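Read off the chains here:
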Amino acid sequence: MKILIPGSFDPPTNGHIDVITRCLKVFDEVLVGVIVNPSKESLFSTEVRSEMLNEVFSKNKNVTVKSFEGLLVDFAKDNNVNAIVKGLRAMTDFDYELQMAQMNFNLADFETIFIPTSPEYGYVSSSLVKEIHSYGGDVDELVPENVSKRLKDV
Ligand code: PNS
């Protein structure tokens, strides 16, 4: 089974890596979809966000990273995925994710599977990583090493 994990990944966190890694134990193939979002100011370009994910999974041939624009369901269809997978950190994620899952099913009959984030990453988000980093805080424990290095350059 081939699944799609979509997101902004600006930047990828240990929480994202945990969800992708755990999916690899359950599904045959994982496609990571990095959204190109011109309306949202991002810290890293789409290319760099994709590159950071590719670096982490360079040794795993079952992970592919691609960027996409437009509707998620169109990207999912074009890449022949069987389902979309989203990580859930807490109930606060659930409300919005449920709405998107129902909308994506309504749009194109795509199923969304939720996977709970490991508790140690429950509080980790890309936005908090960026905020802490912008004030000079240490985010080394929250992101992969390659991401931490890139953050030091911005
Ligand atoms: O990491 P994020 O920012 O929470 O990811 C959000 C993402 C990319 C999964 C979501 O914004 C998305 O699916 N965008 C694609 C546009 C789309 O299909 N919108 C309708 C969703 S019901």
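Up top is the structure.
What this report covers is the structure whose coordinates are included nearby. (Residues numbered from 1 in each chain as written. Predicted model: local features only at pLDDT ≥ 70, side-chain atom pairs only at ≥ 80, totals over all residues. Heavy atoms only, no water.)

Here we look at the sheet that holds strand β1 (residues 2–7)
Part 1 of the reasoning: Here five strands make up an open sheet; going across it, the order is β3-β2-β1-β4-β5 and the pairing parallel. Edge positions in the sheet fall to β3 (63–68) and β5 (112–116), since each of these pairs with one other strand and no more. Recorded for the sheet is a direction-independent mean angle of 30 degrees between the axes of neighbouring strands.
Part 2 of the reasoning: By the bridge criterion, five bridges tie strand β4 (residues 83–88) to β5 in an arrangement that is parallel. Along β5, the bridge assignment pairs V85 with I113.
Part 3 of the reasoning: Against the sheet, helix α4 (residues 91–108) engages β4 and β5, with an angle of about 175 degrees to β4. (Pairing = 2+ DSSP bridges. Helix = DSSP H or I, 4+ residues; strand = E, 2+ residues; numbered from the N terminus. Axes fitted to C-alpha atoms, helices over the stretch in contact; angles between N-to-C directions. Contact = heavy atoms within 4.5 Å.)

Here we look at helix α1 (residues 14–26)
Part 1 of the reasoning: An ideal rise of 1.5 Å per residue puts 18 Å on 13 residues; α1 measures up with 19 Å between its terminal C-alpha atoms.
Part 2 of the reasoning: Those residues of α1 that sit buried are N14, G15, I17, D18, V19, I20 and C23.
Part 3 of the reasoning: Considering only its buried residues, α1 is in contact with β1, β2 (29–35), α2 (46–56), β3, β4 and β5. (Expected span 1.5 Å × (residues − 1). Buried < 20%, exposed > 50% of the residue type's maximum accessible area, 1.4 Å probe, protein only.)

Section: a nonpolar patch on the surface
Part 1 of the reasoning: A surface patch of nonpolar side chains, amounting to about 290 Å² of accessible area, comprises L71, M103 and L107.
Part 2 of the reasoning: With respect to the element layout, L107 can be found in helix α4.
Part 3 of the reasoning: Residue classification places L107 among the partly exposed residues on the basis of a relative accessible area of 45%. (Patch = residues over 30% accessible without salt bridge, like charges linked within 9 Å, V, L, I, M, F, W, Y side chains within 5 Å. Areas by Shrake-Rupley, 256 points an atom, 1.4 Å probe, with all protein chains shown as cover. Salt bridge = Lys/Arg side-chain N within 4 Å of Asp/Glu carboxyl O.)

Quick word on the pattern of salt bridges
Pairs may arise between side chains of opposite charge once their charged atoms sit close together.
Part 1 of the reasoning: In total, this model carries nine salt bridges according to the counting rule given.
Part 2 of the reasoning: For K130, the salt bridge goes to D10, with nearest N and O atoms at 2.9 Å. Of this pair, K130 sits in helix α5 (residues 126–134) while D10 sits in the loop between β1 and α1, placing them 120 residues apart in sequence.
Part 3 of the reasoning: On the basis of relative accessible area, D10 is assigned to the buried category, the value being 4%.
Part 4 of the reasoning: Of the charged contacts in the structure, one is a salt bridge between D140 and K152, with a shortest N-O distance of 3.3 Å. Taken together, the residues span a long stretch of sequence, with D140 in the loop between α5 and α6 (145–152) and K152 in helix α6 at a distance of 12 residues.
Part 5 of the reasoning: Given a relative accessible area of 38%, D140 falls into the partly exposed group.
Part 6 of the reasoning: According to the relative accessible area criterion, K152 is exposed, its value standing at 57%.
Part 7 of the reasoning: Among the ionic contacts, a cluster of salt bridges with common partners joins E51, E55 and R150.

Overview of the environment of D10
Part 1 of the reasoning: Sequence-wise, D10 and S126 are 116 residues apart; in three dimensions their C-alpha atoms are separated by 5.9 Å.
Part 2 of the reasoning: Apart from residues lying up to four places away in sequence, D10 is in contact with E41, S42, L43, F44, R49, S126 and K130.
Part 3 of the reasoning: A distance of 2.8 Å separates the side chain of D10 from the backbone nitrogen of L43, its partner in a polar contact.
Part 4 of the reasoning: Looking at D10, its side chain comes within polar contact range of the main-chain nitrogen of F44, at 2.9 Å. (Polar contact = N/O pair within 3.5 Å; in protein donor to acceptor, adjacent residues only side chain to side chain.)

Describing the nonpolar core
Part 1 of the reasoning: In this structure, I3, I5, I20, C23, V32 and L53 are the most contacted members of the largest nonpolar core, which totals 18 residues.
Part 2 of the reasoning: When residues of this core are traced back to their parent elements, those giving at least two are β1, α1, β2, β3 and β4.
Part 3 of the reasoning: At four residues, the largest contribution of residues to this core is made by α1. (Core = buried A, V, L, I, M, F, W, Y, C linked by side-chain atoms within 4.5 Å.)

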